[in-house]
Amino acid sequence: MTPSVGGAEPSIGWEASADLVVVGGGVAGLSAAISATRRGLRVVTLAKGDASGTSTQYAQGGIAVPGTAAEGDSVDSHVHDTCEAGVGLCDEDAVRSIVEAGPAALSMLESLGAVFDRGVDGARARTREGGHRVRRIVHAGGDATGAEVQRALSDSMPSVLHGTSVIRVLVDRGDVVGVLAHSAAGYGVVHAPAVLLATGGLGQLFSCSTNPPEATADGIALALDAGAEIMDLEFVQFHPTVLFAPGSTGRRPLVSEAVRGEGAHLVDLTGIRFVADSHPLGDLAPRDVVSRAIAERMRLTGSDHVMLDARAIRHFHTRFPTVTASCLAAGIDPLDDLIPIAPAAHYSCGGVATDVWGRTSVPGLFAAGEVARTGLHGANRLASNSLLEGLVVGERAGIAAAERRGRRAEIGDVSLPSTASMPRATLQALMTENAGVVRDAEGLETVVRALDGARAVEMHEKVWEDAALTTAASVLALAASAREESRGCHTRRDCPDMSSARSSRVRRDEAGDIEIRGVEELTGVGRQ
Ligand SMILES: Cc1cc2nc3c(=O)[nH]c(=O)nc-3n(C[C@H](O)[C@H](O)[C@H](O)COP(=O)(O)OP(=O)(O)OC[C@H]3O[C@@H](n4cnc5c(N)ncnc54)[C@H](O)[C@@H]3O)c2cc1C
Ligand SMILES: N[C@@H](CC(=O)O)C(=O)O
């Protein structure tokens, strides 16, 4: 892989200092900023997009939080479902730690003014999604949970500097000392002994995604550049039910899994139910199982979509106002019509390796939310566990960052190394063709070769996102090539078997090359 080389010196137009820089204004970043501010830390929160330019804003189904025994649920049951969906790669201690903290995180959100839907008995309404054995997912505004979470957190943390992109995390003698950023005022630096990456996902790697345009994997590139390790990036979750329109690309509207939780089911274009037999949970099997079943059905029938039949759901329009609006805009009324859907890139299960307090291996560098890999998701995230993780680990990272208070944070010379960058449309087509729901060695090799040939460009604010996507694609392709097995949301048509469970680990070596470790352990025996 092409290493970072050279280093132009940007002209620094502005400067600030803080105890903690939070990079990102979604659920993880804002939870951290609020908790650190409450502990008296001086926090600077930077976000390249506005408050609606987050995946958090678009979250639909809800937040998975274990219910009580009276509700037929328990922490153990939630841990069990999470680990089962994660197919052997979850860290059970991390899962338990995060799941146990769910009820307190929900109360914290409510104390900030978030309002969740309640049933006629006044108790929080709970729905089901894929992989959950019980109804444990709390929701707001029917299917507008993310918008309510974002509103409550943004109202509580109004001081976010939107329109500011972080381009480098600055490290001096192994310790974080701040960030280099770019805004309308030009390049600037923030001196700080602690930096939290809460930059969200990487959906823009693919031609069709549920993610907003801001989801360009920046945190992966920033963390690698700073010396941190990336784990399990090959596990990209493709959401099974994304509204289909012929030839469409870019951000596509989601049709929440909760629609199936309330009774909808999938049929092919001839009306045959085809998911029911692939898993004991049928249409509510974990997401990877359903996406694979859809991809296989599309391949067998030569179609580019299948159908979701939600006509039996009474009150669809009021229960799912967001999905209704997207469908009506496309000329489909879910009460009368089948909804055309196809899988699309949705969530990055892997990311920057952290503990459950957001700490990475680089002193002073933290990561939380979708960009991080805590061990909660393993090879396939359980539905609605992401907002939970963002709330819990975000808040904890804000606490852990206090341990860096008072450390030296002097920024010396700042450079912008040139780096490999592939034009976005070319990269998306390459990844969609070769690294989607079903992969093989030949396709992944094509990706690795193309990325090896990507031109090194001088880094500046206009190429930054494409360069970050190119770096993330390199990590993903290397890890997916090395993983000669099928597990969770990484499916290899040439390697259908499963090996002993191991995570992939990638970092930059001393020459700046992207290096993968533990490759020999990712090679397969035994079936998924
Ligand atoms: C359509 C949709 C529906 C979903 N539904 C659910 C659901 O029901 N339940 C659930 O648990 N999960 C759901 N998810 C997943 C979940 O919403 C996300 O994983 C989660 O919100 C991510 O939160 P985050 O704080 O990590 O990142 P985000 O909310 O994506 O925020 C990222 C922030 O980082 C900023 N940023 C990025 N790069 C930079 C940079 N270089 N410099 C400065 N700022 C930067 C962005 O501007 C943004 O403010 C859904 C996702 C989508 C897309
Ligand atoms: N809740 C889902 C999204 C959905 O289907 O509503 C998620 O966790 O991504």
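Residues numbered from 1 in each chain as written. Chains lettered and ligands numbered in written order. Predicted model: local features only at pLDDT ≥ 70, side-chain atom pairs only at ≥ 80, totals over all residues. Heavy atoms only, no water.

Per an unreviewed UniProt entry, the protein goes by the name L-aspartate oxidase and belongs to Rhodococcoides kyotonense. If you open the UniProt record of the protein and go to Function (unreviewed entry), you find "Catalyzes the oxidation of L-aspartate to iminoaspartate, the first step in the de novo biosynthesis of NAD(+)." Taken verbatim from the UniProt record of the protein, the Catalytic activity (unreviewed entry) comment is "L-aspartate + O2 = iminosuccinate + H2O2". (UniProt positions renumbered as here; feature names shortened; annotations may be inferred.)

## Side note on the overall build of the protein
Each helix and strand counted, the protein has 15 helices and 28 strands in total. Over its C-alpha atoms the protein spans a radius of gyration of 22 Å, differing by no more than 12% from the 24 Å that the globule rule assigns to 528 residues. Dimensions of the protein along its principal axes, counting C-alpha atoms only, are 65 × 55 × 45 Å. By the burial criterion, 62% of the 528 residues in the protein qualify as buried. If you take every contact in the protein between residues at least 6 apart in sequence, the share linking residues at least 24 apart comes to 73%. When the accessible surface of the protein is split by element, carbon and sulfur atoms take 51% of a total near 18800 Å². Positive and negative side-chain charges of the protein, numbering 49 and 66 respectively, have mean locations separated by a distance of 3 Å. (Helix = DSSP H or I, 4+ residues; strand = E, 2+ residues; numbered from the N terminus. Rg over C-alpha atoms; globule rule 2.2 N^0.38 Å. Buried < 20%, exposed > 50% of the residue type's maximum accessible area, 1.4 Å probe, protein only. Contact = heavy atoms within 4.5 Å. Areas by Shrake-Rupley, 256 points an atom, 1.4 Å probe, with all protein chains shown as cover. Lys, Arg positive; Asp, Glu negative; His and termini not counted. Charge placed at Lys NZ, Arg CZ, Asp CG, Glu CD.)

## Describing the pattern of salt bridges
Summed over all chains, the structure comprises 44 salt bridges. Its salt-bridge partner being Glu84, residue Arg133 comes within 3.1 Å of it at the nearest N-O pair. Here Arg133 is found in the loop between β6 (126–127) and β7 (137–138), whereas its partner Glu84 is found in helix α3 (residues 75–85), with 49 residues between them in sequence. Looking at Glu84, the relative accessible area reads 39%, which means it is partly exposed. Note that Arg124 is salt-bridged to Glu110, the shortest N-O span being 2.7 Å. Linking Arg124 in the loop between α5 (102–111) and β6 with Glu110 in helix α5, this pair joins segments that are 14 residues apart in sequence. (Salt bridge = Lys/Arg side-chain N within 4 Å of Asp/Glu carboxyl O.)

## Re the site of ligand 2
Near ligand 2, the surroundings consist of Gln60, Gly61, Glu129, His239, Leu254, Ser256, Glu257, Arg287, His346, Arg381, Ala383 and Ser384. Arg381 places a polar side-chain atom, nitrogen or oxygen, 2.8 Å from an oxygen atom of ligand 2. When its residues are assigned to classes, the shell around ligand 2 shows 2 nonpolar, 6 polar and 4 charged. (Near = heavy atom within 4 Å. Polar contact = N/O pair within 3.5 Å; in protein donor to acceptor, adjacent residues only side chain to side chain. Nonpolar A, V, L, I, M, F, W, Y, C, P; charged D, E, K, R; others polar.)

## A word on the environment of Asp513
Summarising the element assignment, Asp513 is placed in the loop between β27 (505–508) and β28 (514–517). Note on Asp513: relative accessible area 25%, which makes it partly exposed. Between the C-alpha atom of Asp513 and that of Ala64, which follows or precedes it by 449 residues, the distance is 39 Å.

## Topic: the site of ligand 1
Neighbouring ligand 1 are 40 residues, the closest being Thr56, Gly62, Asp218, Glu370 and Ser386. Taking Val27, its main chain carries an N or O atom lying 3.2 Å from an oxygen atom of ligand 1. Notes on ligand 1: free accessible area 1000 Å², of which the protein chains cover 98%. Mapped by element, the contributors of at least two residues to the shell around ligand 1 are α1 (27–38), β4 (43–47), α2 (55–58), β9 (165–172), β19 (339–348) and α12 (385–400).

## Considerations on the packing of aromatic side chains
Using the criterion set out here, one finds 2 aromatic pairs in the structure. Arranged with centres 5.2 Å apart and planes meeting at 80 degrees, the rings of Phe206 and Phe238 form a pair that is edge-to-face. Within this pair, whereas Phe206 is found in the loop between β12 (195–197) and β13 (208–209), its partner Phe238 is found in strand β15 (residues 236–243), the two being separated by 32 residues in sequence. Here Phe206 and Phe238 have matching classes, each one buried. Positioned above the aromatic ring of Tyr58 is the side chain of Arg251, whose terminal nitrogen or guanidinium carbon lies 4.0 Å from the ring centre. (Phe/Tyr/Trp six-rings, centres within 6.5 Å; stacked < 30°, edge-to-face > 60°. Lys NZ or Arg CZ within 6 Å of the ring centre and 35° of its normal.)

## Concerning the UniProt feature "domain: FAD-dependent oxidoreductase 2 FAD-binding" (unreviewed entry) in the protein
Look at the UniProt record and you will see "domain: FAD-dependent oxidoreductase 2 FAD-binding" (unreviewed entry) annotated at residues 19–387. Secondary structure content for residues 19–387 is 28% helix and 22% strand, and the end C-alpha separation is 26 Å.

## Description of the packing of helix α7 (residues 218–226) against helix α15 (residues 464–482)
α15 packs onto α7 with a crossing angle of 75 degrees between their chain directions and a minimal axis gap of 8 Å. Judged by the angle between their axes, α7 and α15 are roughly perpendicular. Residues Asp218, Ile220, Ala221, Leu222 and Leu224 of α7 pack against Trp464, Glu465, Ala468, Thr471, Ala472 and Val475 of α15. For the contact of α7 with α15, the residue count by class is 8 nonpolar, 1 polar and 2 charged. (Axes fitted to C-alpha atoms, helices over the stretch in contact; angles between N-to-C directions. Parallel < 35°, antiparallel > 145°, perpendicular 65-115°, else oblique.)

## Considerations on the sheet that holds β12
Sheet architecture is open: 5 strands sit in the order β8-β4-β3-β12-β21, paired in parallel fashion. Edge strands, defined here as strands with exactly one partner in the open sheet, are β8 (161–162) and β21 (365–367). As judged from the 3 bridges shared by strand β3 (residues 20–23) and β12, these two strands associate in the parallel manner. Its bridge partner lying in β12, Val23 is registered against Leu197. (Pairing = 2+ DSSP bridges.)

## Topic: the sheet that holds β6
Read from one edge to the other, the open sheet built from 3 strands follows the order β5-β7-β6, with strand pairing classed as antiparallel. Looking along the sheet, the strands with just one partner apiece sit at the ends: β5 (63–64) and β6. Relative to β7, β6 is paired through 2 bridges, and the arrangement is antiparallel. Of the residues in β7, the one forming a bridge with Thr127 is Ile137.

## A word on the pairing of β28
Taking every second residue as pointing to the same face, the buried face of β28 carries Ile514 and Ile516, while none of Glu515 and Arg517 on the other face is buried. From the end of β27 to the start of β28, which pair antiparallel, there are 5 residues, and Gly512 there has a positive phi angle of about 95 degrees.

## A few points about α1
The terminal C-alpha atoms of α1 lie 17 Å apart, and with 12 residues this matches the ideal 16 Å at 1.5 Å per residue to within 8%. Across the 12 residues of α1, 10 count as buried, placing the element largely inside the fold. Of all the positions in α1, only Val27, Ala28, Gly29, Leu30, Ser31, Ala32, Ala33, Ile34, Ser35 and Ala36 are classed as buried. Positive backbone phi, approximately 85 degrees, marks Gly40, located one or two places after α1. (Expected span 1.5 Å × (residues − 1).)

## Quick notes on the nonpolar core
Counting residues in each nonpolar core, the largest one holds 79 residues, and the members touching the most others are Val195, Leu197, Leu205, Leu365 and Met431. Excluding residues within four positions of it along the chain, Leu365 makes contact with Val169, Val176, Val195, Leu197, Ala223, Ala226, Ala228, Gly358, Arg359 and Thr360. Among the nonpolar cores identified, the runner-up in size contains 52 residues, and Ala47, Val65, Ala94 and Leu112 belong to it. (Core = buried A, V, L, I, M, F, W, Y, C linked by side-chain atoms within 4.5 Å.)

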